[in-house]
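Commentary on secondary and tertiary structure
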Amino acid sequence: MTLLGEFALWISLPFAIWGMVVGFVGGRTQRGDLVLSAERSVYAVFFLHAIAAAGVMAAFLGDRFEYWYVASYSNAELEFFYKVTGLWAGQRGSLLFWALILGFFSSLCVFQNRKKHREFMPYVAAVLQTILLFFIIVLLFAEVNPFERLGFTAVNGRGLNPQLQNYWMVIHPPTLYLGFTAFTIPFAFAIAALLNGRLDARWIQLTRRWILTSWLFLSVGIVFGMRWAYEELGWGGYWFWDPVENASLLPWLTATAFLHSIQIQETRGMLKIWNMSLVLLTFLLTIFATFLTRSGIIESVHSFAEEPKIMITFLSFMAAVFAGCAVLILYRLPQLRTENQIESFVSRESAFLFNNVLLLGAAFSVFFGTMFPLISELITGQEISVGPPFFQRVNFPIGLALLALAGIGPVIAWRRATKKNLQKNFSTPVMVGLVVTAALWISGAHHPLALTTWGISAFVVTVIATEFWKGTKARSRIEGEGYIPALFHLVSRNRRRWGGYIVHVAIVMMFMAFAGAAYNVDERFHVQPGDVVEVDSPMGHTYTLTYEGLSTARQNGLRNLLWQAIATVSVQKDGRSVGVLTTEKRQYTTQDVGSPPMTEVGIRSTFGEDLYLILSAIDDAEAVVMRGDSNAQGIDLQVLVKPLVNWIWLGCLTLVGGTIIALWPSVDRKRAATEPSVEPDAEGARAGAAG
Amino acid sequence: MKKNGRFMVGLVGVATVVTYLIWTGVSETMVYYLTPVELLERVEVDPTFHQVGVKVSGQVIPGTYRRQDGELLHIFEVRDLVDESITFPVEFRDALPDTFTDQVEVVLEGRLREDGVFEANTLLTKCASRYEASQEELAG
């Protein structure tokens, strides 16, 4: 199976080349047979990559340690689950996995459009095959072939890093990859539009669902990564402005900008060049993110010397794509002229544009900060880096401005907002925002940034709640429906608009949670069994923690474990017992000799705050583990209280819900045939929707 | 056209503010990122550099890690990634990340004290998903 997989990967190379060539030629000459051949080659490449991926999995499941990739990321004792997911545990497998998902999306796209949009499809197929071809070339020729043999068979593999043996870490990378690769489809349509000259909003309408799908997976993928960091890295944070994290944030920022700016093109026929540039930029950033996460260039410039081939391949591909697109955009410049002008400073177009400038500003600052060590070394010969404080300083104000726009954008009028429009829509929300801020101030929350965030959050939620209320009330009156059916019908009549509003609420929930970090509590104690410590939370609760002692009993179901020491802490909240938390140290057999054990944290999560316990260190681990000495049980216990963290995960769920509502196929057209429409201008209403 | 002009002023204003934020952000938060060789050369030329916070990347020397009993103090030695003869001891007073072993490459932030000990405030290790074995290690 593995041999067959390797063979399939090689065979996919000529197929991709063929598809690319006949796609472009077929589109140019309008020859149906060539176009059909190009489209079929997309299916063929996907099929071949599925065999190749199955080959890698077979090698993992069969413990084929003659393969470098298997020997590096698995061992005989590894759980079945992690052997299956070994496909994307490391750089080599994940590049193949990437090609596989891209092949899947490409096939899906070609299949959906097999009978429609024929003016786009030859070029779409050709562009998709070009990108696939790039990944095949990387896999085969850039020294990252997952089928590379060692020349001998290792006795056992090195095993998977224990920190990667976590549920979130298994689903985090594939989710991000789904987001990255799904964005390739809108990119391919954009290029097709540049090639065939259909430069109205058609390509955007055709790919709106792909853009949203990609954005959904990107968002969820980023949050999964945060969740993993929160649970597994053991320092209580979820975001560190690490280059790898930043790399996944960059395409999200530009994709979010794109999601908003395409609405201006759809309604007002403006910003065509801008949208083309954004789709190109986002696509390049998805490639850049893969490159950065899997190459480590930022952590050490020296890695350039270690893996020159993959670096050069990626950089030249990105440069070629950029140059090609720039030439196409310049060539089509006359047709990309705007159809309208912005009429007023105070209008929805203007709100969207400010949103775009801010998002791109944030993206630029993140990119700049991430690349700063490289930039400074190139210019001054001296590597200078900027850390989390830099990203926070720049992005907190930008984030707050964006948050405010999330409330302003949805209700401000298109073209020109009148004073009446502004007063009607904003006086109550502004009041609510001010009242909430004042109330929080009185109750003792004085942190300026957090207070501002919560005040703006209240403003945005009020704006959106009012919109829902007004819509429901109007529909209920006109149709004579109860409020709940009215709300349901309201949303299903214009899913895109209301789904978008729900996503805005989700973003507000996350911002509220981020601001909660201003009130984190971090205390350290040295405790012996029986010791009691007290920690006050910012929400006014008091936690009374009793350290019960260490246990070295082995839990079932954990493999590769040398020993495990579990600290048990009973928790009382405001004098009432709320159960027991455990935090552990684990030493795995796959860890190097002499390396410290891994930490597992204990978390008690509520809507208000999380109690987060870390077993920082055991005084005398040897006595506890080797001799079972019951007198040597002193530990360092770190106690964190993290307000509102849960709202990040709740916000993520809300975001998924809102995006799915926006993605759900519209039933307007089917219904229209059977019942009279209550919204005569349904098309206009949809066009007027905010995202 | 006049309205467009006013609009451009707004956009340029936003862009200026963002640029200003980046500019001040960089100048107030930047730290030199040096190799151990460069750091030792620097303090030799300019002794005041002992007071300056820097970021240093180095390789932990296997077998040198120990923990001060009863305290949250970790002590180990690092060497230059290229020149193995350049080393200095490190003191780190905080919980170590789980990815830390005495084999890894670390990035430290702190300052080199006059007694030659590097006092680290933060410690990062290379990303876990990049752990890969060399041919020799697999053979062993």
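Note that this is a predicted model, so its numbers are computed, not measured.

Take the overall build of chain A next. Counting its regular elements, chain A contains 23 helices and ten strands. For chain A, whose C-alpha radius of gyration is 28 Å, the value lies close to the compact-globule estimate of 26 Å for 691 residues. Overall, chain A is about 80 × 70 × 60 Å in size when its C-alpha atoms are taken along their principal axes. Here chain A holds 691 residues, and 51% of them are scored as buried.

Take the domain arrangement of chain A next. In terms of domain boundaries, chain A breaks down into domain 1 (1-160) and domain 2 (522-647). Between the C-alpha centres of domain 1 of chain A and domain 2 of chain A the distance comes to 44 Å.

A few words now on the pairing of strand S9 (residues 609-618) of chain A. Residue and element names in this part refer to chain A. With ten of its ten residues buried, S9 lies for the most part within the structure. Of the strand pairs in this sheet, strand S8 (residues 602-605) and S9 are connected by four bridges, and their pairing is antiparallel. Residue pairing across strands places Gly-602 opposite Leu-613, the latter belonging to S9. Hairpin connection between S8 and S9: a loop of three residues separates the two successive antiparallel strands. Here S9 runs beside strand S10 (residues 635-643); their pairing, made up of nine bridges, is antiparallel. Bridged to Leu-611 within S10 is Val-641.

Here we take up the sheet that holds strand S7 (residues 598-600) of chain A. All names here are of chain A. As summarised here, the arrangement of the five strands in space is S3-S4-S5-S6-S7, forming an open sheet in which the pairing is antiparallel. Bordering the open sheet on either side are strand S3 (532-536) and S7, each of which pairs with just one other strand. The average undirected angle you get between the axes of adjacent strands in this sheet is 25°. Two strands pair when backbone bridges link them, and strand S6 (residues 576-588) and S7 are joined in this way by three bridges, in the antiparallel orientation. Looking across to S7, one finds that Glu-584 is bridged to Glu-600.

Here we take up the confidence of the model for chain A. All names here are of chain A. Of the residues in chain A, 93% reach a pLDDT of 70 or more, and the chain-wide mean stands at 87. Confidence drops under pLDDT 50 across residues 300-305; counting only partners more than four residues distant or on other chains, this segment forms nine contacts. Segment residues 669-691: pLDDT under 50, and 27 contacts once partners within four positions in sequence are set aside and those in other chains are kept.

What follows covers helix H7 (residues 167-182) of chain A. End to end, H7 of chain A covers 23 Å across 16 residues, agreeing with the expected 22 Å (1.5 Å per residue, within 8%). Of the residues making up H7 of chain A, those classed as buried are Met-169, His-172, Pro-173, Thr-175, Leu-176, Tyr-177, Leu-178, Gly-179, Phe-180, Thr-181 and Ala-182 of chain A.

This brings us to the pairing of strand S2 (residues 54-60) of chain B. Residues and elements named next belong to chain B. Summarising burial for S2: six of the seven residues are buried, a large majority. Bridging between strand S1 (residues 31-34) and S2 involves three bridges; their strand directions are parallel. Pairing of Leu-34 across the sheet is with Val-56, part of S2. As paired elements, S2 and strand S6 (residues 105-112) share six bridges and run antiparallel to each other. Across the sheet, the residue bridging to Lys-55 is Glu-109, located in S6. In terms of strand pairing, S2 meets strand S4 (residues 73-79) through two bridges, oriented antiparallel. Its bridge partner being in S4, Val-60 is matched across the sheet by Val-78.

Take the domain arrangement of chain B next. For chain B, the assigned domains read domain 1 (1-30) and domain 2 (31-127). One C-alpha centre belongs to domain 1 of chain B, the other to domain 2 of chain B; they are set 39 Å apart.

Residue and element names in this part refer to chain A. Relative to the helices and strands, Leu-250 is located in helix H10 (residues 243-268). Owing to 23 C-beta atoms within 10 Å, Leu-250 belongs among the buried residues under this scheme. For the pair formed by Leu-250 and Ile-312, sequence separation is 62 residues and the distance between their alpha carbons is 21 Å. Setting aside its immediate chain neighbours within four residues, Leu-250 contacts Leu-285, Ala-289, Ala-363, Val-366 and Phe-367.

Below, the discussion takes up the sheet that holds strand S2 (residues 521-527) of chain A. All names here are of chain A. Strands sit in the order S2-S10-S9-S8 across an open sheet of four strands; the sheet is antiparallel. Of all the strands in the sheet, the pair left with one neighbour each is S2 and S8. Sheet twist, expressed as the average angle between the axes of neighbouring strands with direction ignored, equals 15°.

Conventions we followed
- Residues numbered from 1 in each chain as written.
- Chains lettered and ligands numbered in written order.
- Predicted model: local features only at pLDDT ≥ 70, side-chain atom pairs only at ≥ 80, totals over all residues.
- Helix = DSSP H or I, 4+ residues; strand = E, 2+ residues; numbered from the N terminus.
- Rg over C-alpha atoms; globule rule 2.2 N^0.38 Å.
- Buried ≥ 20, exposed ≤ 12 C-beta atoms within 10 Å, placed from the backbone.
- Domains from an automatic or database assignment.
- Pairing = 2+ DSSP bridges.
- Axes fitted to C-alpha atoms, helices over the stretch in contact; angles between N-to-C directions.
- pLDDT = per-residue confidence, 0-100.
- Contact = placed C-beta atoms within 7 Å.
- Expected span 1.5 Å × (residues − 1).

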